[in-house]
Structure formats: structure tokens, C-alpha cells
Amino acid sequence: MADSTELHKRRTAAVARGVGSVVPSYVDRASGATITDVDGRQWLDFAAGIAVTNVGHAAPRVVAAVREQVERFTHTCFMVAPYESYVTVCEELNALTPGRFEKRSILLNSGAEAVENAVKIARHATGRPAVVVFEHAYHGRTNLTMALTAKNMPYKHRFGPFAGEVYRVPMSYPLRDGGLSGPDAAARAIELVEKQVGAENVAALLIEPIQGEGGFVVPAGGFLPALREWATAAGVVFVADEIQTGFCRTGDWFACEHEGVQPDLVTTAKGIAGGLPLAAVTGRAELMDAVHVGGLGGTYGGNPVACAAALASIEIMREQDLAAAARRIWATMWPRLHAVAAGDARVAEVRGRGAMLAVELVRPGTLTPDPAAAAAVSAACHAAGLLTLTCGTYGNVLRFLPPLVISDGELSRALDILDAAFATTSTT
Ligand SMILES: *Cc1c(COP(=O)(O)O)cnc(C)c1O
């Protein structure tokens, strides 16, 4: 087999430069929380393919379900000749997502496609055009979802013009908004919408309950419930983008549950199918069913192999109680990360929920973002075999997304590497 150096040479000649990679090592195989590259090197995985392989890499039950499905049939297109597993995945999503009301679901290929469909459904059902989104938001890379995403570089730069009728309002970001309370931060956002857009023009308010790419920003308590309350009163569809937070990642099935918020629509993807491409919109039956027959769909949406993987993944999450596993990961990591913070003046904040945790790095004694420090710590982790990611509008947040099946031993080794990475890159 070619080694990583050789593959990287071929890649440079064959793959468009616009697709980046975090590490220059090429994967041979992966299992649980460990990735083995073609050079025989083992990586502890704190990325999970960006919160995708929550059930672990190559989870045996997922592999078996996929293998069995591939032998039966790989594709008929649900819009041409339907099959049971699509229906079952929708039943599961209707039952698992927050909200005790009648629901319907549609299956799609990617997170961005799910977000686009949620906007289509909200606009169709309300007859209104505007969509309200937040600072630091990330919702995807298609034309509409670029418009919904906040950060210019690298996601939007020179890719415009963007879709219209998208309005951005301030997020609750406790570290950076002077400790504004959740309800006060919501009031600030709502006032902007009412004065500059007009509630009666708003189809949907779209929010990540904990922001992903934008920096693992956890809004102050009461922010989401206040927005939910306003949306209900204003006839605005409340859409929770749980694409990164969903499927046990934050210590519950969905992050909205921590504050008892019931969205009208929920978008899911990433953790849904153990690595196979699948996404969904789930929500109130009267909204979802407002769209005429044939108005929603796509060739591959709800592919039977991806559905088989989703059903196996959901079974694993339920039977192994991966929400509790995420809370156990939190219980180990939270004190360790706070110990790092106590000894390193670059750490402004440790935040997150469950197994979705992050540290934000700044110039000591200020709130000035320090992306170079985040890059240095990350590089030290990579050199020692721990796969970490950065994120944030300022690129200064280190984020940790281990597979939820990571063992205590692996977790403790990963945290030792992280400790050392902070120590060796510290300038103080
Ligand atoms: C990743 C992500 C998306 C986009 O999903 P893709 O599958 O990459 O299109 C949308 N919203 C959030 C919150 C995400 O984390």
C-alpha cells in the first residue's frame, strides 16, 4: 500500500486544492476511538469525523446492518419504489426528537440539504420569506446555507452572491457579551428582528442549541426558552439545527432537551448513521405536511444502506445508553480541562456539554483571540497521535468530540497527550 507521503503527492495532483485536511496522514482502517493510518501509526480520535461516528468507528452492528442491506438492494429511490427502513427511521426520529406532538420526517443526504429543506418547509407553511440566524452560526456550504452561515473565511469568501431574506442577530456568547443573561440576550435579538425585519415577515428562526463550527458557544441559560416563547407568539417556526449536537453527543439525545425546549422543526445529520451519509428534517405534522405531494425529495435521500446504518446506530445508542456515556466523558474531561485552564493563562474558558467540549484560547489577561495558540496546541496533539480539531469565528477554540464509546483508558491517554501539548506550547 502507498504511504502517506506518496498519497499526499498523488492527492495534490488529483484533488482540488479547495478541499483541505486537518492531518496529512491517510487512513487505512478505524475501530472504536482509534484510527490507523497507512503508515501503521495509531491515532486516538477526538474528532469522530466531526461528531459523526458517535457509536465508534466501524461499529460491528452498523457494519453487519450495512453488509446485509447491500446484499438485498442498494437503491430504488424512495420517490420511485419505497421501502420499510426509510419509514422506520422516520418513526424513530419522530419519537426521539424533543416535543410530545404529532410529527413527520423527511430523509436527505447532508446537513446542508436538511437545513435547506427546513427553510423550504417553514416558508411554504407560513407563506413568509425571512429567516433569522445568529452570529457565529454554521449551517452548511450550499448557496442558501452559506447565506445562513456567519463566517466569511473559508466558507463564503468570493462564493457570493448569496440567497436573500436572511437576517443575522447577536448570539448569547457569555464569554464575549459581558455576561448578558439569557433572557436579556434574547430580548436584544428579538428587538432587532421586530424593528428591522418585522415578526410577521419571519418564516423561521434557525439556531444551533450549542454552536458547532462557530466555537462550541453555549448560550446563557434562558436564551433558547425565551426565543422559543417569542417564536410561538409571533407565529415563527423555531428550527433547531441539531446536526452537530444530536444523537447523544451532549449527554441527552438532543441538546434542546437540556432546557426543555421543543422546536417546531429539528435538522439532524452527522451522528445519525454511524458514518453513512444521511440527514433529516423532523417536526410538527401540520408544518411538514403543508407541502404538496412531490414538493420535497431527492434521488438519494434516505438511501437504504444509510437507513440500515441509522437503525443500527440508534439501537446502539439506546441499548448502550450513549447519552449516559457522554455524561461520563464530561465527568472525566471537565475537571481535567479546568486543571489545564488553571495552569495556563491562555485558556479563557472551558465550555460545552457532554462529549462536546472546548477551550477558548486568548492572549493572557485579555479577550483577544489567539488562533496561533490553538493551532500550536493542536499541532502538538497531532504530533503525539491525538486527533483534535479547532473551530470558532476567530479560529481560537480547541474542540473535543470523542466517539461516545471511547474507553476510560483511551480517554485518559488522550487527556495526558492534551496536558503535555498545553505544557510544551505554553509561553508563560
Ligand atoms: C456540519 C453542520 C452542517 C452541515 O452539514 P453537512 O452534512 O456538512 O452539509 C449544518 N449545521 C451544523 C450545525 C453542522 O455542524
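This one's a predicted model, so the numbers in the text were calculated from it and none came from an experiment. (Residues numbered from 1 in each chain as written. Predicted model: local features only at pLDDT ≥ 70, side-chain atom pairs only at ≥ 80, totals over all residues. Heavy atoms only, no water.)

**Q** I would appreciate a short explanation of the site of the ligand in the present structure.
**A** Taken together, the residues surrounding the ligand are S110, G111, A112, Y138, H139, E208, D241, I243, Q244 and K270. The contact in question runs from an oxygen atom of the ligand to an N or O atom on the backbone of G111, over 2.7 Å. At 2.8 Å from an oxygen atom of the ligand is found a main-chain nitrogen or oxygen belonging to A112. Relative to its free-state accessible area of 380 Å², the ligand is covered by the protein chains to the extent of 83%. A class-by-class count of the residues in the shell around the ligand yields 3 nonpolar, 4 polar and 3 charged. (Near = heavy atom within 4 Å. Polar contact = N/O pair within 3.5 Å; in protein donor to acceptor, adjacent residues only side chain to side chain. Areas by Shrake-Rupley, 256 points an atom, 1.4 Å probe, with all protein chains shown as cover. Nonpolar A, V, L, I, M, F, W, Y, C, P; charged D, E, K, R; others polar.)

**Q** How should I be thinking about the packing of aromatic side chains in this particular structure?
**A** Pairs of aromatic rings are described using the distance from one ring centre to the other and the angle between the two planes. A full pass over the atoms with the stated rule returns 9 aromatic pairs. Plain terms: the ring middles of F134 and F223 are 5.9 Å apart, the flat faces sit at 75° to each other, and that makes the pair edge-to-face. Here F223 lies in helix α8 (residues 223-234) and F134 lies in strand β5 (residues 130-134), a separation of 89 residues in the sequence. For F134, a relative accessible area of 1% translates into the label buried. Given the relative accessible area of 0%, F223 is considered buried. Consider the rings of F247 and F254, whose centres lie 5.2 Å apart with planes at 70°: the pair is edge-to-face. (Phe/Tyr/Trp six-rings, centres within 6.5 Å; stacked < 30°, edge-to-face > 60°. Helix = DSSP H or I, 4+ residues; strand = E, 2+ residues; numbered from the N terminus. Buried < 20%, exposed > 50% of the residue type's maximum accessible area, 1.4 Å probe, protein only.)

**Q** Looking at this structure, how should I read helix α13 (residues 408-425)?
**A** Because the α-helix completes a turn every 3.6 residues, residues three or four places apart line up on one side. Taking 1.5 Å as the rise per residue, α13 with 18 residues should run 26 Å; its terminal C-alpha atoms sit 26 Å apart, in good agreement. Those residues of α13 that sit buried are E410, L411, A414, L415, I417, L418, A421, F422 and T425. Buried residues along α13 cover an arc of 155° about the axis, so they all sit on one side. Across from the buried face of α13, at angles greater than 90 degrees, the exposed residues are D408, A423 and T424. (Expected span 1.5 Å × (residues − 1). Arc of directions from axis to C-beta.)

**Q** Could you clarify how one ought to interpret the side chain of K156 in this entry?
**A** By secondary structure assignment, the location of K156 is in the loop between α6 (143-148) and β6 (166-169). Here K156 is buried and forms no salt bridge, its nearest opposite-charge partner E135 lying at an N-O distance of 12 Å. Setting aside chain neighbours within four positions, we find K156 in contact with M146, A147, T149, A150, K151, F162 and R168. (Lys, Arg positive; Asp, Glu negative; His and termini not counted. Salt bridge = Lys/Arg side-chain N within 4 Å of Asp/Glu carboxyl O. Contact = heavy atoms within 4.5 Å.)

**Q** What is the right way to look at the environment of H8 in this model?
**A** Among the secondary structure elements, H8 is positioned in helix α1 (residues 4-14). The spacing of H8 and P24 is 16 residues in sequence and 7.1 Å in space, taken between C-alpha atoms. Contact partners of H8, with chain neighbours within four places excluded, come to P24 and Y26.

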